[in-house]
Amino acid sequence: MEKKDIKKIVLAYSGGLDTSIIIPWLKENYGDPEIIAVSGNVGQADELEGLEEKAIKTGASKCIVADLTEEYVNDFIIPCMKAGAVYEEYLLGTSHARPCIAKKLVEIALEEGADAICHGCTGKGNDQVRFELAVKALAPTMKIIAPWREWSIKSREEEIDYAEAHNVPLKISRETNYSKDKNMWHLSHEGLDLEDTGNEPQYEKPGFLEMSVSPLQAPDVPTYITLEFEKGVPVALNDEKMSAKDIILALNKLGGENGIGLLDIVENRLVGMKCRGVYETPGGTILYKAHQYLESLCLDKMTAHEKEKLAITFAELVYNGLWFSPLRKALSAFVDSTQEKVTGKVKLKLYKGNIIKAGAWSPNTLYSEKICTFGESDYNQADATGFINLFGLPTQVQAMAEQGLL
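Rules behind the numbers
Residues numbered from 1 in each chain as written. Predicted model: local features only at pLDDT ≥ 70, side-chain atom pairs only at ≥ 80, totals over all residues. Heavy atoms only, no water. Helix = DSSP H or I, 4+ residues; strand = E, 2+ residues; numbered from the N terminus. Buried < 20%, exposed > 50% of the residue type's maximum accessible area, 1.4 Å probe, protein only. Contact = heavy atoms within 4.5 Å. Areas by Shrake-Rupley, 256 points an atom, 1.4 Å probe, with all protein chains shown as cover. Lys, Arg positive; Asp, Glu negative; His and termini not counted. Charge placed at Lys NZ, Arg CZ, Asp CG, Glu CD. Salt bridge = Lys/Arg side-chain N within 4 Å of Asp/Glu carboxyl O. Disulfide = S-S within 2.5 Å. 1 Å grid on protein atoms, 1.4 Å probe; cavity = no way out; pocket = protein on both sides within 12 Å on 5 of 7 lines; lining within 4 Å. Points joined across faces, edges and corners; volume = space filled by probe spheres on them. Nonpolar A, V, L, I, M, F, W, Y, C, P; charged D, E, K, R; others polar. Pairing = 2+ DSSP bridges. Axes fitted to C-alpha atoms, helices over the stretch in contact; angles between N-to-C directions. Phe/Tyr/Trp six-rings, centres within 6.5 Å; stacked < 30°, edge-to-face > 60°.

J.: What's the story with the overall build of the protein chain in this structure? I'm lost.
T.: The number of helices and strands found in the protein chain is 13 helices and 14 strands. Judged by the C-alpha coordinates and their principal axes, the protein chain covers about 85 × 55 × 45 Å. Going through the 406 residues of the protein chain one by one, you find that 48% of them count as buried. A fraction of 73% describes how many contacts in the protein chain between residues 6 or more apart in sequence connect residues 24 or more apart. Approximately 20,000 Å² of the protein chain is accessible, and the part contributed by carbon and sulfur atoms is 52%. One finds the centroid of the 44 positive side-chain charges in the protein chain at a distance of 2 Å from the centroid of its 60 negative side-chain charges.

J.: In this structure, what is going on with the pattern of salt bridges? I would like to understand it.
T.: Any two side chains of opposite charge can pair, on the condition that their charged atoms come close. A complete count under the given rule lists 26 salt bridges for this structure. A salt bridge links Glu210 to Lys180, with the nearest nitrogen and oxygen atoms 2.7 Å apart. Of this pair, Glu210 sits in the loop between β7 (187-190) and β8 (223-230) while Lys180 sits in strand β6 (residues 179-182), and the two are 30 residues apart along the sequence. Among the residues examined, Glu210 registers a relative accessible area of 38% and is labelled partly exposed. Using a relative accessible area of 35% as the deciding quantity, one classes Lys180 as partly exposed. Linked by salt bridges that have partners in common, Glu71, Lys103, Lys104 and Glu107 make up one network.

J.: Mind showing me how you'd approach the state of the cysteines here?
T.: Between two cysteines, a covalent bond joining their sulfur atoms is known as a disulfide. What the rule picks out here adds up to zero disulfides. Residue Cys121 stays outside any disulfide, its sulfur separated by 9.3 Å from that of Cys118, the closest cysteine. Cys121 gets classed as buried once you look at its relative accessible area, which sits at 10%.

J.: I would appreciate a short explanation of empty space enclosed by the protein in the present structure.
T.: To locate leftover empty space, one rolls a probe as large as a water molecule over the atoms. This model, assessed by the stated rule, comprises two cavities of 30 Å³ or more. Quantified by volume, the largest cavity comes out at close to 40 Å³. Along its surface, the largest cavity is lined by Ala83, Lys307, Leu310, Ala311, Phe314, Leu331, Phe334 and Val335. Contributing elements (two or more residues each) for the lining of the largest cavity: α9 (301-319) and α10 (326-338). Tallying contributions element by element places α9 first for the lining of the largest cavity, with four residues. Taken together, the residues that form the lining of the largest cavity break down as seven nonpolar, no polar and one charged. Within this model, the second largest cavity holds a volume of roughly 30 Å³. Lining the second largest cavity are Leu105, Ile117, His119, Phe131, Val135 and Ile144. Here the lining of the second largest cavity is built from residues that sort into five nonpolar, one polar and no charged.

J.: I keep staring at the sheet that holds strand β9 (residues 233-237) and nothing clicks. Help me out?
T.: Whether parallel or antiparallel, the strands of a sheet pair through hydrogen bonds between backbone atoms. An order of β10-β9-β8-β13-β14 is seen for the five strands of this open sheet, with the pairing classed as antiparallel. Each having just a single partner strand, β10 (240-241) and β14 (354-361) make up the two edges of the open sheet. Of the strand pairs in this sheet, β8 and strand β13 (residues 344-351) are connected by seven bridges, and their pairing is antiparallel. Considered in β13, the bridge of Phe229 is made with Gly344. On top of the sheet, helix α7 (residues 244-257) reaches β8, β9 and β13; it is set at about 60° to β9, its chief contact.

J.: I would appreciate a short explanation of the side chain of Lys307 in the present structure.
T.: Position of Lys307 relative to the elements: it lies in helix α9. What Lys307 contacts, discounting residues up to four positions off in sequence, is Lys82, Ala83, Gly84, His291, Glu295, Leu299, Phe334, Val335, Thr338 and Gln339.

J.: Can you help me understand the sheet that holds strand β3 (residues 62-67) in this one?
T.: Across the sheet, five strands lie side by side as β3-β2-β1-β4-β5; this open sheet has parallel pairing. Edge positions in the sheet fall to β3 and β5 (143-145), since each has one partner strand and no second. Pairs of neighbouring strands in the sheet enclose a mean axial angle of 25°, with direction left out of account. As paired elements, strand β1 (residues 8-12) and strand β2 (residues 34-41) share five bridges and run parallel to each other. Residue pairing in the sheet places Val10 in a bridge with Ile36 of β2. On top of the sheet, helix α1 (residues 17-29) reaches β1, β2, β4 (116-118) and β5; it is set at about 165° to β1, its chief contact.

J.: Explanation requested: the packing of aromatic side chains in the structure shown.
T.: Pairs of aromatic rings are described using the distance from one ring centre to the other and the angle between the two planes. The final tally for this structure, using the stated rule, is 11 aromatic pairs. On the numbers, 5.4 Å between centres and 70° between planes, the contact of Trp148 with Trp151 is edge-to-face. Classification of Trp151 by relative accessible area gives buried; the value is 7%. Judged by centre distance (6.1 Å) and plane angle (55°), the rings of Trp185 and Tyr288 are tilted. Residue Trp185 is found in the loop between β6 and β7, and its partner Tyr288 is found in helix α8 (residues 282-298); the two are separated by 103 residues along the sequence.

Listed below in structure tokens is the structure:
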């Protein structure tokens, strides 16, 4: 499809630097098409304020803010948490939000009869892959526009120049121009001083952290919490039944106040380069830890070990934008089967950036104090002799062969 044939475009719109200048740029470079700005609300809170007014003021015909928070939690976050999916310590905060948002973009594009979907992802990052693979999976013939791969703008500084020249209002300055992504699960920081891996993140600097505090500034007394799970899904916090979404929001507050969930990593991007990011994931870090703690009681050894191996593959699929792939769906089916007995309660102590185990209980526990006690039990220790002889037989035979004893 040629530019002149594109009359209506659905734009993934956040109101940030990239998407703010894309609206006038599309108007200038695609023959003044109609632009429908779509923002997926995945819990970015104050970032949604004034979004509709700003989008229309800069040239959009309308702005749709779709509340995706429940869907995001139940259909994307929780499946990753149950899988124990972690990519190089990163809890996938941006990775699993993108397919959720892209799904809504496709729905609206099809409803509106749009000719193309546009996103503001750079040609250096992972998000371009995540958005576009989701579109290809859900609307395989839809035209995709990626301005960062077309325009002459080369840096965020030049983006600010463009915005100022076109009277596009911005919430950032050249000094606070971190590249950020925020949702109910996390907040990421990239760019500026963080591009030098020798620089320590400015955790104590006012305004740097938004969801958390530095562990140095956390309270001097611990906070105890209890979390309850049913079949791997969180259902209660501190004995109060609530939705998984509300549990995450409450844990964000409790974790943030105690300096939980700060991560500074150099990660391997899908596009081939290493990139440094600082992440705030207070509630998510607690939830992963609690779920893992409960699984240690409820899963048998072989299932636990296999699940741990497959968690890496699961995380790579999500990170690499393959949420809608057959393998990810198959792995989720496996994970769901492992969670049938993951029911119970976990107690944790939060203290200055640390999550300390303080107790776990499950009606399906495979742990038996009667069997493993150091005191008297019905366990016959003499049984170990035959077990060791059989288990060690290959080792013994190998050694005998090497020493000419066979």
